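A look at the structure
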Amino acid sequence: MKKIILAFVFAVLVPLQACAQETWKEGEHYTIINETATDKPVINEFFSYWCPHCFQFEPIAKKIQEKMGDDVKFEKVHVNFMGFTSAETQDDASRALMVARALKKEDALSTAIFRYIHVQKSPITNIKDLKNIFMVNGVEEADFDKLVSSFGVNSMLKKNNKLVQEYRNHLRGVPNFIVNGKYQAKFTRDMTNDDIVNLIVWLSKQN
């Protein structure tokens with residue numbers, strides 16, 4: 001009986017895998033940008049707080065995190081080369097993201113920054129503006145001041161900026177997803193939000 005069950009499971013899984021491989025085609029839905037993948041699965045979303053498409057993409061990014069495997073790491077990488085504001089101000093936002101990450105409040109505070117820019121239509125010109133957003137959303141001033149120039153935040157910021165530089169030649173715009181350090185997702189006009197989620201989750205399972 002056990003053999004019959006295993007045979008049935010295998011018969012179901014193989015066609016599903018084959019279907020996914022037929023659905024997602026190299027060159028059309030993804031490109032291979034490195035020969036080898038990272039040791040552990042990781043989804044990097046390159047984004048900018050000033051990018052309206054990134055703001056609209058937030059619900060899709062959350063669905064990806066819900067559907068990906070427990071062994072997959074999802075990490076947002078903030079870029080500083082968009083034309084919406086100065087590189088210095090974008091660097092301040094990257095630092096603020098690292099503070100939010102250190103506080104373990106990344107989702108809530110990242111949403112607050114997005115909403116400040118795209119819903120409230122308010123300008124961000126420096127780190128003080130970002131600090132005020134955090135304080136309005138429950139972060140103590142002393143906690144922000146302690147973390148903003150800390151070794152931990154500086155280390156995370158260096159890692160963020162290193163990833164931007166490493167993949168800069170592949171980043172013509174955002175949002176942009178690089179998966180396992182090897183695959184870059186490509187979105188076609190006919191893809192639904194669920195298609196985008198399924199593509200990226202599928203890429204995270206590829207070596």
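Our structure is the block above this text.
Values in this document were obtained by computation on a predicted structure and should not be read as measured data. All residue numbers here refer to positions counted from 1 along the written sequence of the relevant chain. Restriction of local features to residues with pLDDT of at least 70 applies here, the model being predicted, together with a cutoff of 80 or more for giving and counting side-chain atom pairs; totals for whole chains, interfaces and linings are based on all residues. As a rule here, side-chain values come from all non-hydrogen atoms in the structure, and water together with hydrogens is ignored.

The secondary structure content of the chain amounts to 8 helices and 5 strands. A run of H or I in DSSP becomes a helix once it reaches four residues, and a run of E becomes a strand once it reaches two; helices and strands are each numbered from the N terminus. Starting at the N terminus and walking to the C terminus, you meet the elements of the chain as α-β-β-α-β-α-α-α-α-α-β-β-α. What makes two residues a contact is simply this: any of their non-hydrogen atoms within 4.5 Å. Considering only intrachain contacts with a sequence separation of at least 6, the fraction spanning at least 24 residues in the chain is 74%.

So, on to the pairing of strand 3 (residues 73–78). Most of strand 3 is tucked away, with 5 of its 6 residues classed as buried. Throughout, right-handed denotes a crossover for which the path from the first strand over the helix to the second runs clockwise when the strands point away from the viewer. In this fold, the crossover linking strand 2 (residues 42–47) to strand 3 by way of helix 2 (residues 52–67) has right-handed handedness. The rule is simple: take the accessible area with a 1.4 Å probe, protein chains only, and divide by the maximum for that residue type; under 20% is buried, over 50% is exposed, in between is partly exposed.

One recurring pattern in soluble globular proteins: nonpolar side chains tend to sit buried together. For our purposes a nonpolar core is just a set of buried Ala, Val, Leu, Ile, Met, Phe, Trp, Tyr and Cys residues, chained together by side-chain atoms within 4.5 Å. Ranked by size, the top nonpolar core spans 38 residues in total, and within it Phe-46, Tyr-49, Ile-113, Ile-124 and Phe-134 carry the most contacts. At the level of elements, strand 2, helix 3 (87–102), helix 4 (106–118), helix 5 (127–136), helix 6 (141–148) and helix 7 (151–166) are the ones that each hand at least two residues to this core. Every residue in contact with Tyr-49, bar those within four places of it in the chain, is listed here: His-78, Ala-93, Leu-97, Ser-110, Ile-113, Phe-114, Ile-117 and His-118. Counting residues in each nonpolar core, the second largest holds 22 residues, with Phe-57, Ala-61, Val-179 and Ala-185 among its members.

To estimate the expected span of a helix, subtract one from its residue number and multiply by 1.5 Å. Here helix 3 contains 16 residues, and its C-alpha end-to-end distance of 23 Å stays within 8% of the 22 Å for a straight helix at 1.5 Å per residue. All of the buried residues along helix 3 are Thr-89, Gln-90, Ala-93, Ser-94, Ala-96, Leu-97, Met-98, Val-99, Ala-100 and Arg-101. Buried residues along helix 3 sit in contact with strand 2, strand 3, helix 4, helix 5, helix 6 and helix 7. Where helix 3 ends, the next residue or the one after it, Lys-104, has phi of about 60°, a positive value.

Everything listed here is a matter of geometry and, on its own, says nothing about what the molecule does.
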